[in-house]
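Chain by chain, the residues:
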There are 2 protein chains.
Amino acid sequence: MSSSPAATRRVTRRVSVKLVRLTVLGCCGAWPTAGAAGSGYLVEHDGFRLLVDVGYAVVPRLQEYVAVDELDAVLISHGHPDHCVDLNPLLRGRMLRDDPPDPLPVFAPAGELTAVLALDRPGMLDAGYGLTDIEDGDRFEVGPFAVHARSLPHSRTNLGLRITAGGRSLVYTGDSGASPVTPELARDADLLLAEASFVDELPWDSGRHLSSAEQRGRVAADADVRYLVLTHLLPGTDPAASRAAARRHFTGKLAAATTGLVIDFDR
Amino acid sequence: MSSSPAATRRVTRRVSVKLVRLTVLGCCGAWPTAGAAGSGYLVEHDGFRLLVDVGYAVVPRLQEYVAVDELDAVLISHGHPDHCVDLNPLLRGRMLRDDPPDPLPVFAPAGELTAVLALDRPGMLDAGYGLTDIEDGDRFEVGPFAVHARSLPHSRTNLGLRITAGGRSLVYTGDSGASPVTPELARDADLLLAEASFVDELPWDSGRHLSSAEQRGRVAADADVRYLVLTHLLPGTDPAASRAAARRHFTGKLAAATTGLVIDFDR
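Here goes a summary of the coordinates provided.

## Notes on the interface of chain B and chain A
And then number 1: Each partner contributes residues to the interface: chain B has 30 residues there, and chain A has 30 residues.
And then number 2: Buried surface at the junction of chain B and chain A, both sides included, amounts to about 2,200 Å², of which 64% is carbon and sulfur.
And then number 3: Per-residue buried area on chain B facing chain A is highest for Trp31, Arg92 and Leu119 of chain B; these three make up 27% of the total on that side.
And then number 4: Remark: the boundary between chain B and chain A carries two salt bridges.
And then number 5: One salt bridge connects Arg92 of chain B with Asp82 of chain A, and the closest N-O pair in it is separated by 3.5 Å.
And then number 6: Inspection of the chain B/chain A interface yields 10 residue pairs in polar contact (both at pLDDT 80 or more).

Take a look at the structure:
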C-alpha cells in the first residue's frame, strides 16, 4: 500500500496499534441539514486513515481531523451521492497542488463511481486515485484493515462492509433493506454502524432498500453485537425515538450517530 | 415566477424592499478547506431569496439562513463542481418530502449542469426544478432582480452576472481570465464580487481562465465600482496579501470574502 508524503506530519495525532477509532464526519440520510454532512466515517488504526463513504460536505469536516493528503484510502458502500459525491473535492484537494501525494486507493462496487468521477473533465483527476472494484463475497486488505464485503439489498448495488483490525470488528451496512446476510456479516462484531432511515414504520416503497431503527435493533440482537450505532437518519427523524425503537429488541450499548462522535475500541 | 408554499414562514427574516443583502455561504476556490464551502452567495431583496452558485457544502450553510424549501431561485455562472454540485442535495432536500414546494427556477449556461443533474438516477429530481438556459448578452428577470449575463473567458462557458434590484447593482464574475467585458459589465456597480484565485502572479497555464486580486483591483478601479469583494481565493492564499494586491490599483471599499460575510446595500 502506498504511503503519503505527508506521513511525518501525522505523528502527534496518529491512532496507535492499540486502538481502532471511529470518527463520524457526517451521518445525514439523503441530504445534509444545517451545519451537517452526508455519510462519512473515518476509521483509524496504527496510523492508517481509512475513510468509509464520502457524502455531501464530508471533505470540509474531514479536514478538522486529517489533511486531504494525509488520508490513506477510501472505501465506498454504493454510488448514491450522499455516500460518495465528496470524492470529487477530495481528489481535487490532493491533486491541485504543486506536490500531489501518491494516488489514493479507492475501493467501490464496479461502476458505482461513474457519475461522481464525471463531475470534472475526463482525465483531470485520473492520476489522483487507483480504483479497485469490489463485489459480494470479496475479502481484501486495506492497510492494516481486513475487509469482508457482502451485497445487501438497495436500489443500486450496495456492499455491507466488515472491517477488522487489532482484533476489533466494525460492520457497516451502507443503505439496505432487510436481509439475512446482515446479521451474518455482523455476527459478534464490536460495533454495528447501521443505516436507520426510519424509526419503525417504513413507507410502502422503502422496505426493500432502506431500514428502520427497530429492524436494526433486532439485527443487532440476533448478531450479538456489542455496540449498535444508528446512522443515516432521514432529516427530521427524532434520534431519541430511533434509539427507543432499537431498544425494543437490543439490550447492548446503543447510540444514534452525531457529527463528531468518536468511538475508540481498545484492544 | 412561482412562489414557495413556505412563504408564510419567511416573515421574520425577510429582507425588505429597502435592502439588497448579500450573504457569503462559501467562497473557497477549487475545493473546500476545513469547515468551509465552495462558491455560494445568497442575494435577497423584498423577501425574494436568490442563490448564486451552489458549490461544495453550500447546502448545509444555506440552511443556517434559509430552509431549502424557502429558496426562490438559483443562478449558476458555470458548471464546475465547486460552483454547482450542491444543486443535487438542494433538489433532494426539496423533493424528498411529503409536501414538496413548487419547482425551483434554475438559470445556467446551456449544458453546464449535465454532470450534476446526472448524480441521481434519470428523472428522479426532474419535477423539482425548471431549467432556463442563459447565454451571453441575455437580459432577464428573476423575481425582483434584473439580470444581465455576459460571457467571460474560462475553461468552460462562464457567465458574468450583473444583478440589479432596488436601484443597487451587484456584479459577479464567476471564474474568468482577463477580458475587456468585465469592467464593461461592472461599470458603476455598487459591488463587484470578483474571483481572485491568485494574489498577483498567475501560473503560466491559468491566465486565460482565472484572475489575480491585483487584476481585479485594476478592473474595479477602471469600472469605478464602490465596493470590491475578492472571492474564490485558492486554498492557502493569504487574504491580506490579496487585499494588498488589489489595493495597488483600487482605492474604494475592499474586502476578501469570508464565510458568513453579510453586506447590506441600503437604498
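That was the structure; now back to the text.
## What to know about the environment of Ser197 of chain B
All names here are of chain B.
And then number 1: Note that Ser197 resides in the loop between strand 11 (191-195) and helix 6 (213-223).
And then number 2: Between the alpha carbons of Ser197 and Pro235 there is a distance of 8.8 Å; along the sequence they are 38 residues apart.
And then number 3: Residue contacts for Ser197: discarding those within four places in its chain leaves Leu210, Ser211, Thr231, His232, Leu233, Leu234 and Thr237.

## A look at the nonpolar core
And then number 1: Leu51, Val74, Ile76 and Leu90 of chain A together with Leu51, Val74 and Leu90 of chain B are the most contacted members of the largest nonpolar core, which has 62 residues in total.
And then number 2: Every residue in contact with Leu90 of chain A, bar those within four places of it in the chain, is listed here: Leu51, Val59, Leu62, Val68, Leu71, Val74 and Leu104 of chain A.
And then number 3: By size, the runner-up hydrophobic cluster in this structure holds 33 residues, among which are Cys27, Val43, Leu193 and Val229 of chain A.

## Quick word on the sheet that holds strand 12 (residues 227-231) of chain B
Residue and element names in this part refer to chain B.
And then number 1: Taken in spatial order, the seven strands of this open sheet run 7-8-9-10-11-12-13, and their pairing is mixed. Either end of the sheet is taken by a strand with one partner, and the two such strands are strand 7 (139-142) and strand 13 (253-256). The mean inter-strand angle of the sheet, taken between neighbouring strand axes irrespective of direction, is 20 degrees.
And then number 2: Contacts from helix 6 reach strand 11 and strand 12 within the one sheet, and its direction differs from that of strand 12 by about 160 degrees.
And then number 3: Together, strand 12 and strand 13 form the strand contacts of helix 7 (residues 239-247), whose direction differs from that of strand 13 by roughly 150 degrees.

## Concerning the environment of Phe145 of chain A
Residues and elements named next belong to chain A.
And then number 1: Along the chain, Phe145 turns up in strand 8 (residues 145-151).
And then number 2: For the pair Phe145 and Ala36, spaced 109 residues apart in sequence, the C-alpha to C-alpha distance is 28 Å.
And then number 3: The residues contacting Phe145, other than those within four sequence positions of it, are Val43, Glu44, His45, Phe48, Leu50, Phe140, Ile163, Thr164 and Ala165.

## With respect to the packing of helix 6 of chain B against helix 7 of chain B
Residues and elements named next belong to chain B.
And then number 1: Helix 7 packs onto helix 6 with a crossing angle of 40 degrees between their chain directions and a minimal axis gap of 7 Å. Judged on the interaxial angle alone, helix 7 and helix 6 are oblique. In terms of crossing hand, the pair formed by helix 6 and helix 7 is right-handed. Here Ala213, Glu214 and Gly217 of helix 6 come into contact with helix 7, specifically with Ser242, Ala245 and Ala246.
And then number 2: Looking at side-chain class alone, the contact of helix 6 with helix 7 contains three nonpolar, two polar and one charged residues.

## With respect to the relation of the copies chain B and chain A
And then number 1: Rotating chain B by 180 degrees about the axis while translating it 0.0 Å along that axis superimposes it on chain A, leaving an RMSD of 0.0 Å. Interpreted geometrically, this transformation is the action of a two-fold axis. Nearest to the rotation axis, the C-alpha of Ala57 of chain B is located 2.2 Å from it, this being the minimum over chain B.
And then number 2: When the interface residues of chain B are mapped onto chain A, 100% of them are again interface residues, pointing to one common binding face.

## As for the pattern of salt bridges
And then number 1: For the structure on display, the rule yields 30 salt bridges over all chains.
And then number 2: Arg156 of chain B is the salt-bridge partner of Glu112 of chain B, the closest N and O atoms lying 2.7 Å from each other. Highlighted residues: Glu112 of chain B in the loop between strand 5 (104-109) and helix 4 (114-117) and Arg156 of chain B in the loop between strand 8 (145-151) and strand 9 (159-165), separated in sequence by 44 residues.
And then number 3: Among the residues examined, Glu112 of chain B registers a relative accessible area of 8% and is labelled buried.
And then number 4: Among the residues examined, Arg156 of chain B registers a relative accessible area of 24% and is labelled partly exposed.
And then number 5: Through salt bridges with shared partners, a single ionic network connects Glu44, Arg49 and Glu70 of chain A.

## A short note on the side chain of Ser169 of chain A
Residues and elements named next belong to chain A.
And then number 1: Here Ser169 lies in strand 10 (residues 168-172).
And then number 2: When its relative accessible area of 9% is taken as the criterion, Ser169 is described as buried.
And then number 3: Aside from chain neighbours lying at most four places away, what touches Ser169 is Arg162, Ile163, Thr164, Ala189, Asp190 and Leu191.

## Quick word on helix 6 of chain B
Residue and element names in this part refer to chain B.
And then number 1: Buried within helix 6 are the following residues: Ala213, Glu214, Arg216, Gly217, Val219, Ala220 and Ala223.
And then number 2: Against the buried residues of helix 6 lie helix 5 (181-186), strand 11, strand 12 and helix 7.
And then number 3: Of the residues trailing helix 6, Asp224 is marked for its positive phi of about 60 degrees.

Rules of the game
- Residues numbered from 1 in each chain as written.
- Chains lettered and ligands numbered in written order.
- Predicted model: local features only at pLDDT ≥ 70, side-chain atom pairs only at ≥ 80, totals over all residues.
- Heavy atoms only, no water.
- Contact = heavy atoms within 4.5 Å.
- Buried area = accessible area lost by both parts, 1.4 Å probe.
- Salt bridge = Lys/Arg side-chain N within 4 Å of Asp/Glu carboxyl O.
- Polar contact = N/O pair within 3.5 Å; in protein donor to acceptor, adjacent residues only side chain to side chain.
- Helix = DSSP H or I, 4+ residues; strand = E, 2+ residues; numbered from the N terminus.
- Core = buried A, V, L, I, M, F, W, Y, C linked by side-chain atoms within 4.5 Å.
- Buried < 20%, exposed > 50% of the residue type's maximum accessible area, 1.4 Å probe, protein only.
- Pairing = 2+ DSSP bridges.
- Axes fitted to C-alpha atoms, helices over the stretch in contact; angles between N-to-C directions.
- Parallel < 35°, antiparallel > 145°, perpendicular 65-115°, else oblique.
- Left-handed = near helix turned anticlockwise from the far one by under 90°.
- Nonpolar A, V, L, I, M, F, W, Y, C, P; charged D, E, K, R; others polar.
- Least-squares fit on C-alpha atoms with pLDDT ≥ 70 in both.

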